[in-house]
Amino acid sequence: MNLHQLRFVREAVRQNFNLTDAAKALFTSQPGVSKAIIELEEELGVDIFTRHGKRIRGLTEPGRLVLQSVELIMQEIDGLKRIGKEYAAQDSGSFTIATTHTQARYALPKVVQAFMQKYPKVRLSLLQGNPRQIAEMVTRDQADIAIATESIASIEGLVTLPCYQWEHVVVVPAEHPLLRSKALSLEEIASFPVITYDAAFAGRSKIDHAFGLRNLKPDVLLEAIDADVIKTYVELGMGVGIIAGMAFDPERDKNLRAIPVGHLFGMNVSRIAIKQGAYLRSYIYTFIELLAPVLTRKMVEQAMSGVKENYEL
């Protein structure tokens, strides 16, 4: 048994059981991958994959257990490599953050700027997607951490910690009738066309839930992943916008007004997600603390080790 065989098994699953694609991803030959997997199966005495002719089609029951062990072994190997790299170079390396557009555009710029000033030799990458996509980037080791709102909290295999709270705001043009309301209600909002986030982003589920509890069905005229797009169409007078509070800047958005509506849609919590059992380089802990000062290295390490604490804000 060797590490190449374990890598081949893991990559075959990741490539949807296509050995040609697995071989390309690992820069080797398809026959070599197939031969190595067969040799591993012979050594273990079980079939890892189901087959139709020479093609593999899926995992057998023992194959699923083998894959779990392979993932754990490869995770430990990756951790050992990262330990070596960190002690060889404390202030340089790579760091990949998977996040949503709202976080990348509004919450992270100042944090990233401060981090890069502190670690100018670190190659920082930002990958964007919806919460489900960015969670998968972390579980598949394509990113070191993910940052999004609560929908990543329940993803299996991730440790999630709260960073900060925020509320939605309703954005309208200056002189809009809603600005005269003393206590804005869901009914008042629903009386206008609504422009807000796509269903997968920025607390949209809370917006839908709040309207649903009151049996209201607002006319959602437009959905977008970008608050700037939402604000553009609000400026055109097409409807009222519902966006994350962090996305409104009075200086930049001079033609619009914002009405806080946390009392209608509740508070949202942005969270950081880390793969369970992952090894984090020291500068990643620094980034996390820059983003959320309450999340000290000690606290993050405790959460990663499985210590059960109440980490809610």
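Residues numbered from 1 in each chain as written. Predicted model: local features only at pLDDT ≥ 70, side-chain atom pairs only at ≥ 80, totals over all residues. Heavy atoms only, no water.

Caption draft 1: Layout of helix H9 (residues 204-213). Those residues of H9 that fall on the buried side of the exposure criterion are Arg 204, Ile 207, Ala 210 and Phe 211. An end-on view of H9 places all buried positions within 125° of arc, on one side of the element. Structural note: H9 exposes Ser 205, His 209 and Leu 213 on the side pointing more than 90 degrees away from its buried face. Where H9 is buried, its residues meet strand S7 (168-173), helix H8 (186-190), strand S8 (194-197), strand S9 (220-224), strand S10 (240-244) and helix H11 (262-265). Just past H9, the residue Asn 215 takes up positive phi, approximately 55°. (Buried < 20%, exposed > 50% of the residue type's maximum accessible area, 1.4 Å probe, protein only. Helix = DSSP H or I, 4+ residues; strand = E, 2+ residues; numbered from the N terminus. Arc of directions from axis to C-beta. Contact = heavy atoms within 4.5 Å.)

Caption draft 2: Structural view of the nonpolar core. Counting 45 residues, the largest nonpolar core has Phe 95, Ile 145, Ile 243, Phe 287 and Val 300 as its most contacted members. With six residues, the single largest contributor to this core is helix H12 (residues 282-291). Once residues lying within four places of it in the same chain are set aside, the contact partners of Ile 243 are Glu 167, His 168, Val 169, Val 171, Tyr 197, Ala 227, Ile 230, Lys 231 and Phe 248. In this structure, Phe 8, Ala 36, Leu 40 and Val 70 belong to the second largest nonpolar core, which totals 18 residues. (Core = buried A, V, L, I, M, F, W, Y, C linked by side-chain atoms within 4.5 Å.)

Caption draft 3: Main features of the side chain of Glu 41. Along the chain, Glu 41 falls in helix H3 (residues 30-44). At a separation of 2.7 Å, a polar atom in the side chain of Glu 41 contacts the main-chain amide nitrogen of Ile 48. With near-sequence residues (within four places) excluded, Glu 41 lies in contact with Val 46, Asp 47, Ile 48, Phe 49 and Arg 51. (Polar contact = N/O pair within 3.5 Å; in protein donor to acceptor, adjacent residues only side chain to side chain.)

Caption draft 4: Region of the structure containing the packing of aromatic side chains. This model, assessed by the stated rule, comprises nine aromatic pairs. Seen in terms of ring centroids, Phe 95 and Phe 287 are 5.2 Å apart; in terms of plane orientation they differ by 80°. Their pairing is edge-to-face. Of the two residues, Phe 95 sits in strand S3 (residues 92-99) while Phe 287 sits in helix H12, which places them 192 residues apart along the sequence. Among the residues examined, Phe 287 registers a relative accessible area of 0% and is labelled buried. Ring plane angle 65° and centroid distance 6.2 Å describe the contact between Phe 115 and Tyr 283, whose orientation is recorded as edge-to-face. (Phe/Tyr/Trp six-rings, centres within 6.5 Å; stacked < 30°, edge-to-face > 60°.)

Caption draft 5: Region of the structure containing the packing of helix H1 (residues 3-14) against H3. Two elements in contact, H1 and H3, have axes whose closest approach is 9 Å; the angle formed by their N-to-C orientations is 110°. One finds that H1 runs roughly perpendicular with respect to H3. Between H1, through Gln 5, Leu 6, Phe 8, Val 9 and Ala 12, and H3, the contact on the second element is made entirely by Gly 32, Val 33, Ala 36, Ile 37, Glu 39, Leu 40 and Glu 43. (Axes fitted to C-alpha atoms, helices over the stretch in contact; angles between N-to-C directions. Parallel < 35°, antiparallel > 145°, perpendicular 65-115°, else oblique.)

Caption draft 6: How the structure looks around the environment of Asp 219. Residue placement: Asp 219 occurs in the loop between H9 and S9. A residue is classified by how much of its surface remains accessible, and Asp 219, at 44% relative accessible area, is partly exposed. For the pair Asp 219 and Val 194, spaced 25 residues apart in the sequence, the C-alpha separation amounts to 5.9 Å. If we ignore the near neighbours within four places in the chain, the residues touching Asp 219 are Phe 192, Pro 193 and Val 194.

Caption draft 7: How the structure looks around the sheet that holds strand S6 (residues 158-166). Pairing within the open sheet is mixed, and its five strands lie in the order S4-S3-S5-S12-S6. The two strands at the open ends of the sheet, each matched to only one other strand, are strand S4 (121-128) and S6. Adjacent strand axes in the sheet meet at a mean angle of 20° when their direction is disregarded. Of the pairings in the sheet, the one linking strand S5 (residues 145-149) to strand S12 (residues 268-275) comprises five bridges and is antiparallel in character. When the bridges of S12 are listed, Ile 145 appears paired with Ile 274. Here helix H13 (residues 297-304) sits on the sheet in contact with S6 and S12, set at roughly 135° to S6. (Pairing = 2+ DSSP bridges.)

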